[in-house]
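Fold and geometry: a report
Listed here are the chains, written in short residue letters.
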Amino acid sequence: MDQKTKEFIDSEINNNEVCLFMKGTPDAPQCGFSVAVSNILKILEVKFKGINVLENNELRQGIKEYSEWPTIPQLYIKKEFVGGCDIIKEMYENGELKKILQDKNLSFKN
Amino acid sequence: MAMDIKEIEKLIKESIPDALIEIQDLAGDGNHYSAVVTSSIFNGKSKIEQHKIVYSALKGKMGNELHALAIKTKEKNGSKN
């Protein structure tokens, strides 16, 4: 990963409390897994920034190295990597996602 | 490129010998799978660590040949199993 990509990822994570690296945008996701996570955040009315990795191939590969995680989407909450689609779905279903949002003082619809 | 269920199972078994693995071909197209992996290796680890163990067993195929593999990991409780 080049320095520019790393700095870009750092700045997105540092400047957005909830950011989702995804394929497509929250309004027009381009992959079922990205649809799923973005919908969960919408249902919970969490304010988040979607970052479209399809716009930049360096970013698309770079985020995988950055998180040491091979798939997209990837969700960061307050600088912490929380998981990909399977984990977020599971955490949404068992209530852990709400707990994290609560613990991190983020507003959401309960 | 698609992978078949046996190949996925074999890779996971090689890295996680005690794994109980249930794989489903979700769309019947050899390309969209879900796997439930149960192993004592996951005990006490975070979900992220658990999934990373499965990803590493798949030796870089995840995100490449294997586009769509939904993973669910479960801890194995030795005494009750």
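Anyway, here's the lowdown on the structure attached to this text. Computed from a prediction, not measured in an experiment: that's the story for all the values here.

**Section: the sheet that holds strand S2 (residues 32-39) of chain B**
Residues and elements named next belong to chain B. Here we have three strands laid out as an open sheet, ordered S1-S2-S3, and mixed in their pairing. Strands at the two margins of the open sheet, each flanked by one partner only, are strand S1 (20-25) and strand S3 (68-75). Adjacent strand axes in the sheet meet at a mean angle of 15 degrees when their direction is disregarded. As judged from the six bridges shared by S1 and S2, these two strands associate in the antiparallel manner. Directly across from Ile23, in S2, lies its bridge partner Ala35.

**Points about unusual backbone geometry**
Residues and elements named next belong to chain A. The omega angle of the peptide bond from Ile72 to Pro73 is 15 degrees, so this bond is cis rather than trans. Looking at where Pro73 falls in the secondary structure, it is placed in the loop between helix H3 (57-67) and strand S3 (74-77). One non-glycine residue, Lys79, adopts positive backbone phi at about 70 degrees. Look at Lys79 and you get exposed, because 12 C-beta atoms sit within 10 Å. For Asn105, which is not a glycine, the phi torsion comes out positive at approximately 60 degrees. Mapped onto the elements, Asn105 comes out in the segment after helix H5 (96-103). When the 8 C-beta atoms within 10 Å are taken as the criterion, Asn105 is described as exposed.

Calculation notes
- Residues numbered from 1 in each chain as written.
- Chains lettered and ligands numbered in written order.
- Predicted model: local features only at pLDDT ≥ 70, side-chain atom pairs only at ≥ 80, totals over all residues.
- Pairing = 2+ DSSP bridges.
- Helix = DSSP H or I, 4+ residues; strand = E, 2+ residues; numbered from the N terminus.
- Axes fitted to C-alpha atoms, helices over the stretch in contact; angles between N-to-C directions.
- Buried ≥ 20, exposed ≤ 12 C-beta atoms within 10 Å, placed from the backbone.

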